[in-house]
Amino acid sequence: MSIPFSIDLSNRVAVVTGGGGVLCSQLARALAECGAKVAILDLNAEAAEAAAEGLRADGLTAKGFAANVLERASLEAAAEAVKAAFGPCDLLLNGAGGNHPKGTTSKEWLEEADLDDPSLTTFFDLDPKGIEFVFNLNFLGSLIPSQVFARQMIGRKGCSIINISSMNAFCPLTKIPAYSGAKAAVSNFTQWLAVHFSKVGIRVNALAPGFFLTNQNHKLLIDEASGEFTARAKKIIDHTPMGRFGEPQELVGTLLWLVSDAASGFVNGIVVPIDGGFAAYSGV
Ligand code: NAD
């Protein structure tokens, strides 16, 4: 991977949740290339270990750990194992997150006739369990790992937490009220925690990615039969002034800037859009 610039993370321990996924495996790699010892945590233990193995194959320091960001006991076990392998956590990237079909409406707008169409999921059909899943995964899934790993940061210098919000936190996307609301909660929590931790020297900031093609949105954006962009994907591109999806590496510069005390030591509680101008564009 070509990183845009390097920062010195030697002797630093970075924990990346959701590190077996598309975006966070790349972000984990960037941290490792800057010298960090990287603990890759994921519900999918195989994906975590595969990502770590890929880093080790390139001479970097990484290890995969099974962990569920919604279960404190699982995170505490991972935190002990990370500490034993690498030492206490300096940097936490809360990357695990995502949407669920049960928190998603079929259509962008409700029309009266939709109420008689059983094939549609309207606002009235949304399953509270689906909404709860999405809120828990994104919000509690950032809060609980912060509780567990920030304990190890207290009293040490240069520690930092990075959350992953989304551009839909600024203005909700159609169809996905649960995911939009949950990411708005992540942005709000980023500010709250930055204030709360300001006297113990832990900075807390967030990335707000726009659209990046990954496993979690592949079906929404690419038509399986034709391999072409779906109507929704075309609409996204039309509303992205830069006219394309983002590449995972395009998150790296902001991450490195935010975790570097030398570069951003007085930056605290911000949510940085990385979205090709999507959030800035009114559509007209
Ligand atoms: P991804 O699905 O590739 O990766 C998510 C990873 O999280 C997976 O490896 C999954 O196994 C893991 N995970 C899921 N539930 C977990 C749990 N309970 N405990 C531990 N790990 C768990 O997704 P991605 O697109 O790389 O997304 C990474 C982050 O970026 C997410 O927070 C996502 O919401 C956010 N995001 C993505 C986009 C995008 O366009 N892809 C845009 C904005 C924000």
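Residues numbered from 1 in each chain as written. Predicted model: local features only at pLDDT ≥ 70, side-chain atom pairs only at ≥ 80, totals over all residues. Heavy atoms only, no water.

Let us look at unusual backbone geometry. With the exception of glycine, most residues fall at negative phi, and the peptide bonds are largely trans. Although it is not a glycine, Asn 11 sits at a positive phi angle of roughly 65 degrees. For Asn 11, the location among the structural elements is in the segment before strand 1 (13–17). In this structure, Lys 175 is a non-glycine residue whose phi angle is positive, near 75 degrees. Within the secondary structure, Lys 175 is located in the loop between strand 5 (159–164) and helix 5 (177–196). (Helix = DSSP H or I, 4+ residues; strand = E, 2+ residues; numbered from the N terminus.)

In the vicinity of the ligand there are 29 residues, among which Leu 23, Asp 42, Tyr 179, Phe 212 and Thr 214 approach most closely. In this structure, a nitrogen atom belonging to the ligand sits 2.9 Å away from a side-chain N or O atom of Asn 68. Asn 217 is positioned such that a nitrogen or oxygen atom in its side chain is 3.4 Å from an oxygen atom of the ligand. Contact with the protein chains removes 89% of the 830 Å² of surface that the ligand exposes when unbound. Here the residues of the shell around the ligand are counted per class, giving 12 nonpolar, 15 polar and 2 charged. (Near = heavy atom within 4 Å. Polar contact = N/O pair within 3.5 Å; in protein donor to acceptor, adjacent residues only side chain to side chain. Areas by Shrake-Rupley, 256 points an atom, 1.4 Å probe, with all protein chains shown as cover. Nonpolar A, V, L, I, M, F, W, Y, C, P; charged D, E, K, R; others polar.)

This next bit is on the domain arrangement of the protein chain. Once the domains are mapped, the protein chain shows domain 1 (13–210 + 249–273) and domain 2 (215–245). Taking the mean C-alpha position of each, domain 1 and domain 2 sit 23 Å from one another. Contacts between the two partners involve 11 residues from domain 1 and, on the opposite side, 5 residues from domain 2. Together, the buried faces of domain 1 and domain 2 total about 560 Å²; carbon and sulfur atoms form 27% of this surface. Counting across the domain 1 and domain 2 interface gives 3 salt bridges. With a shortest N-O distance of 3.7 Å, Arg 232 and Glu 108 are connected by a salt bridge. Between domain 1 and domain 2 we count 3 residue pairs in polar contact (both at pLDDT 80 or more) in total. Looking at the side of domain 1 that touches domain 2, its residues break down into 4 nonpolar, 4 polar and 3 charged. (Domains from an automatic or database assignment. Contact = heavy atoms within 4.5 Å. Buried area = accessible area lost by both parts, 1.4 Å probe. Salt bridge = Lys/Arg side-chain N within 4 Å of Asp/Glu carboxyl O.)

What follows concerns the sheet that holds strand 7 (residues 271–274). Reading across the sheet, the 7 strands line up as 3-2-1-4-5-6-7 and stay open at both edges, with parallel pairing between neighbours. Both edges of this open sheet fall to strand 3 (62–66) and strand 7, since each of them pairs with a single strand only. Sheet twist, expressed as the average angle between the axes of neighbouring strands with direction ignored, equals 20 degrees. For strand 5 and strand 6 (residues 202–209), the ladder comprises 6 bridges, and the chain directions are parallel. Residue pairing in the sheet places Asn 163 in a bridge with Ala 206 of strand 6. Along the sheet, helix 1 (residues 22–33) makes contact with strand 1, strand 2 (37–42), strand 4 (91–94), strand 5 and strand 6, crossing strand 1 at roughly 175 degrees. Each of strand 2 and strand 3 touches helix 2 (residues 45–57); the most contacted strand, strand 3, lies at about 180 degrees to it. (Pairing = 2+ DSSP bridges. Axes fitted to C-alpha atoms, helices over the stretch in contact; angles between N-to-C directions.)

Here the structure, examined in full by the defined rule, presents 15 salt bridges. Across the pair Arg 12 and Asp 90 runs a salt bridge whose closest N-O atoms are separated by 3.5 Å. Residue Arg 12 is located in the segment before strand 1, and its partner Asp 90 is located in the loop between helix 3 (72–86) and strand 4; the two are separated by 78 residues in the primary sequence. According to the relative accessible area criterion, Asp 90 is buried, its value standing at 3%. Between Arg 156 and Asp 90 there is a salt bridge, and its shortest N-O distance comes to 2.7 Å. Of this pair, Arg 156 sits in the loop between helix 4 (128–150) and strand 5 while Asp 90 sits in the loop between helix 3 and strand 4, and the two are 66 residues apart along the sequence. Arg 156 gets classed as partly exposed once you look at its relative accessible area, which sits at 26%. Via salt bridges that share partners, Arg 12, Asp 90 and Arg 156 belong to a single interconnected network. (Buried < 20%, exposed > 50% of the residue type's maximum accessible area, 1.4 Å probe, protein only.)

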